[in-house]
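Here is how the chains run, residue by residue.
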Amino acid sequence: MNASLDKAYWIGLAISVVLPVLVGLVTKHVTHPGVKATLLLALSTLTGFLTELANPGPDYDLGTAVVLSLVSFATGVLMHFGLWKPAGVSDKAQTALGGGASVRSI
């Protein structure tokens, strides 16, 4: 069995890796985590559907677009909690565009 992915799928995966940073850039530190998760889900869904649209295959497959959306969301969540948040990238992204100071408990 020889498995291969078209370039569109690789680009979609790469976009999924940086989606949490993009969410951090457009939200503030005080934004509710549920809002951030919903924004990540919306961007992941858009990424999945646009990736399938960009695929050079013969026709558009809605089932594949849904699967790509779920993979994009899962990748974004894993990248956020596994790499971007522990490395401090998420915090720096929110501060970069005037996201306000971090809320710290006293």
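Quick caveat: nothing in here was measured; it's all calculated off a predicted structure. Residue numbers here run from 1 along each chain, matching the order of that chain's written sequence. Totals for whole chains, interfaces and linings use every residue, but because this is a predicted model, local features are given only for residues with pLDDT of at least 70 and side-chain atom pairs only at 80 or more, for both listing and counting. Excluded from the side-chain calculation are hydrogens and water; included are all heavy atoms of the structure.

**Quick word on the side chain of S90**
Quick reminder of the rule: Secondary structure counts use DSSP, requiring at least four H or I residues in a row for a helix and at least two E residues in a row for a strand, with both numbered from the N terminus. By definition in these notes, contact holds between two residues if any of their heavy atoms fall within 4.5 Å.
Looking at the element boundaries, S90 is found in helix 4 (residues 89-96). The residues contacting S90, other than those within four sequence positions of it, are H80, W84 and K85.

**Focus: the confidence of the model for the protein chain**
Note the cut-off: Here pLDDT means the predictor's own confidence in every residue, given as a number from 0 to 100.
Overall, the prediction assigns the protein chain a mean pLDDT of 87, with 89% of residues at 70 or greater. The weakest mean pLDDT in the protein chain belongs to helix 4 at 85; the strongest belongs to helix 2 (residues 33-54) at 95.

**Examining the side chain of S69**
To be explicit about the condition: Pairs of N or O atoms are called polar contacts if they sit within 3.5 Å, as long as, within protein, a hydrogen donor faces a hydrogen acceptor (for residues adjacent in sequence, only side-chain-to-side-chain pairs).
When you line up the elements, S69 lands in helix 3 (residues 62-87). Among the polar contacts made by the side chain of S69, one reaches the main-chain carbonyl oxygen of T45 at a distance of 3.3 Å. Discounting chain neighbours no more than four positions away, the residues touching S69 are S44, T45, G48 and F49.

**Concerning the environment of L78**
Structurally, L78 is set in helix 3. Along the chain, L78 and P20 lie 58 residues apart, while their C-alpha atoms are 9.5 Å from each other.

**A closer look at the environment of V23**
What counts is decided by this rule: Relative accessibility decides the category of a residue: with a 1.4 Å probe and only protein chains considered, values under 20% of the type maximum give buried, values over 50% give exposed, and everything between is partly exposed.
As for its placement among the helices and strands, V23 is situated in helix 1 (residues 7-26). Given a relative accessible area of 5%, V23 falls into the buried group. Along the primary structure V23 and T38 are separated by 15 residues, whereas in three dimensions their C-alpha atoms are 9.9 Å apart. Setting aside residues no more than four positions away along its own chain, V23 makes contact with K36, L39, L40 and L43.

**Examining the packing of helix 1 against helix 4**
The line we're drawing: Between N-to-C directions, angles span 0 to 180 degrees; the directions come from axes that are lines fitted to C-alpha atoms, helices contributing only their stretch in contact. Crossings are sorted by hand: turned counterclockwise from the far helix by less than a right angle, the near helix makes the crossing left-handed, and turned clockwise it makes it right-handed. Gly counts as polar in this scheme, as do all residues outside two lists: the nonpolar Ala, Val, Leu, Ile, Met, Phe, Trp, Tyr, Cys and Pro, and the charged Asp, Glu, Lys and Arg.
Two elements in contact, helix 1 and helix 4, have axes whose closest approach is 6 Å; the angle formed by their N-to-C orientations is 35 degrees. Seen along the crossing, helix 1 lies across helix 4 with a hand that is right-handed. Contact residues: V21, G24 and L25 in helix 1; V89, A93, Q94 and A96 in helix 4. Here the residues of the contact of helix 1 with helix 4 sort into five nonpolar, two polar and no charged.

**Regarding a nonpolar patch on the surface**
Selection criterion: Residues enter a patch when their relative accessible area is above 30% and they make no salt bridge; the linking distance is 9 Å between like charges and 5 Å between nonpolar side chains (Val, Leu, Ile, Met, Phe, Trp, Tyr). Working definition of accessibility: Shrake-Rupley area with a 1.4 Å probe, residue cover restricted to the visible protein chains. By salt bridge we mean one thing: a side-chain nitrogen of Lys or Arg within 4 Å of a carboxyl oxygen of Asp or Glu.
On the surface, a nonpolar cluster with roughly 690 Å² of combined accessible area is contributed by L46, L50, L53, Y60, L62, V66 and L70. If you list the elements that add at least two residues to the nonpolar patch, you get helix 2 and helix 3. Among the structural elements, Y60 can be located in the loop between helix 2 and helix 3.

**Observations regarding helix 2**
Going by this rule: To estimate the expected span of a helix, subtract one from its residue number and multiply by 1.5 Å. This arc is built from the directions going out from the helix axis to the C-beta atoms.
Its 22 residues give helix 2 an end-to-end C-alpha distance of 31 Å, which sits within 8% of 32 Å, the value for a rise of 1.5 Å per residue. Inspection of helix 2 places L40, S44, T47, G48, T51 and E52 among the buried residues, and these make up the whole buried set. Buried positions in helix 2, seen along its axis, are confined to an arc of 120 degrees and lie on one side of it. Exposed residues on helix 2 whose side chains face more than 90 degrees from its buried face are T38 and L53. Where helix 2 is buried, its residues touch helix 1 and helix 3.

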